[in-house]
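Structural overview for review
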Amino acid sequence: MKVSYNELQGLCRKAFLGMGFADGDASDAADMVAWMQLHALDGLEALNRGLDYLLAEQHEEERAPILLYADDDLAVLDGQGYSVLGSSSLALELGFAKARARGLAVIKIRRCHNRQLIMGYLARIAGRGMNVTAFWRNGQRPLVEQAVGFRAGGSVPEIRVYAVNQVPEENESNDGVTLVFANHVELLPAMHSAYDYDLLACHEESALLASRERAMLDGISIDDAVWEKLKHLAARMLVESNDASRSGAGPAAGDND
């Protein structure tokens, strides 16, 4: 099936509210998913893969990241194993503020998942005039690395995903995401490694812009099963009717609007 961007963003927001997100966080998360789907970057697939974790997280009392270290140029946060949907907004705002003041800043969020979905937030930061690049590892064997870079003022990124075939001896697992902000210097990803590697995916800015234009004209392709799952989650925010709510329905006496 195909839906409009507004339909997708609206249903995602209701679904996140149904999962227990606060109103502002639900809007931000919906924007991230819809932005990726609009640019043919499979935001719904990424959300669907992490949905079980998100549903488990709704029962946790505290999902905010913990600040482990910070100075004028660097900050390290512990995402506590939660989705970037709940831990990235403050971290990105922190990096933006530091880079504005110092020219360059690095933010590291350790122990987080759904990292693919951080791209929608990066687009917002780039739209405010900041060059920003994100780097993370998707797997250890083989070692799969992804870099996403936005130009300042740009609406779409350059994306590279590659697998390193010869894993360095000093290699260690990395379940975080590293963000680099530069006020004036472009940080677009480029391929270079002393080790043998395969390029798994390459998304150029021009191709992403073309995908967005097609989606705006023809609608966004959605998997029917995922759409139904979102509708089921969105229904959680509906309040069951009772005698009191039914008695208050309809126009009040003297209401002539």
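Here, the structure is the one placed above.
To keep things clear, this report deals only with the structure shown in the data block. The residue count restarts for each chain, going from 1 along the sequence in the order it is written. Local features in this predicted model are restricted to residues of pLDDT 70 or higher, and side-chain atom pairs are both shown and tallied only at a pLDDT of 80 or more, whereas totals for entire chains, interfaces and linings draw on every residue. Side-chain measures were taken over the full set of non-hydrogen atoms in the model, leaving aside hydrogen atoms and water.

Description of a nonpolar patch on the surface
Exposure above 30% relative accessible area and the absence of a salt bridge qualify a residue for a patch, where like charges join within 9 Å and nonpolar side chains (Val, Leu, Ile, Met, Phe, Trp, Tyr) within 5 Å. Where accessible areas are quoted, they stem from the Shrake-Rupley method and a 1.4 Å probe; at the residue level, only the protein chains shown are allowed to cover. We count a salt bridge whenever a side-chain nitrogen from Lys or Arg sits within 4 Å of a carboxyl oxygen from Asp or Glu. Nonpolar side chains collect at one region of the surface, where I66, L68 and Y69 lie side by side and expose about 280 Å² of accessible area between them. Runs of E in the DSSP output that reach at least two residues are strands. Runs of H or I that reach at least four are helices, and both are numbered from the N terminus. Relative to the helices and strands, Y69 is located in strand β2 (residues 66-70). Classification of residues uses two cut-offs on accessible area relative to the type maximum, computed with a 1.4 Å probe and protein chains only: under 20% is buried, over 50% is exposed, and between them is partly exposed. Under the relative-accessibility criterion, Y69 is labelled partly exposed at 42%.

Section: the packing of aromatic side chains
The criterion for an aromatic pair is that two Phe, Tyr or Trp rings (for Trp, the six-membered ring) have centres within 6.5 Å, with stacked assigned to planes under 30 degrees apart, edge-to-face to planes over 60 apart and tilted to the rest. Tallied over the entire structure, the rule returns 3 aromatic pairs. Definition used: whenever NZ (Lys) or CZ (Arg) falls within 6 Å of the ring centre and also within 35 degrees of the ring normal, the charge is taken to sit over that ring. The cationic tip of R128 hangs over the ring face of F96; the distance from NZ or CZ to the ring centre is 4.1 Å.

Observations regarding the nonpolar core
Membership of the largest hydrophobic core comes to 66 residues, with the highest contact counts inside it found for F16, L47 and L179. Setting aside residues up to four positions removed in sequence, L179 forms contacts with L92, A105, V106, I107, I109, I118, L122, T133 and A134. By nonpolar core is meant a set of buried Ala, Val, Leu, Ile, Met, Phe, Trp, Tyr and Cys residues that side-chain atoms within 4.5 Å join together. Every residue pair with non-hydrogen atoms within 4.5 Å of one another is taken to be in contact.

With respect to the pattern of salt bridges
Enumeration over the complete set of coordinates arrives at 14 salt bridges. A salt bridge links D28 to R124; the nearest nitrogen and oxygen atoms lie 3.0 Å apart. One end of the pair, D28, is in helix α2 (residues 23-38); the other, R124, is in helix α6 (residues 119-127), and 96 residues separate them in sequence. Since its relative accessible area comes to 33%, R124 is described here as partly exposed. R111 is paired through a salt bridge with D78; the nearest N and O atoms lie 2.8 Å apart. Of this pair, R111 sits in strand β4 (residues 104-113) while D78 sits in strand β3 (residues 74-83); the two residues are 33 residues apart in sequence, bridging distant segments of the chain. Taking relative accessible area as the criterion, R111 reaches 41% and is therefore assigned partly exposed. Residue D78 is classed as buried on the basis of its relative accessible area of 12%. Shared partners join several salt bridges into a network, and the residues in it are D28, D31 and R124.

Concerning the side chain of R160
Along the polypeptide, R160 turns up in strand β7 (residues 158-164). Take R160: its relative accessible area is 11%, and that puts it in the buried class. Of note is the side chain of R160, whose polar atom sits 3.4 Å from the side chain of E204. Filtering out sequence-adjacent residues up to four positions away, R160 remains in contact with E145, Q146, A147, P189, M191, L199, A201, C202, H203 and E204. Contacts described as polar in this section are N or O atom pairs within 3.5 Å, which, within protein, must combine one atom able to donate a hydrogen with one able to accept it, while residues neighboring in sequence count only if both atoms come from side chains.

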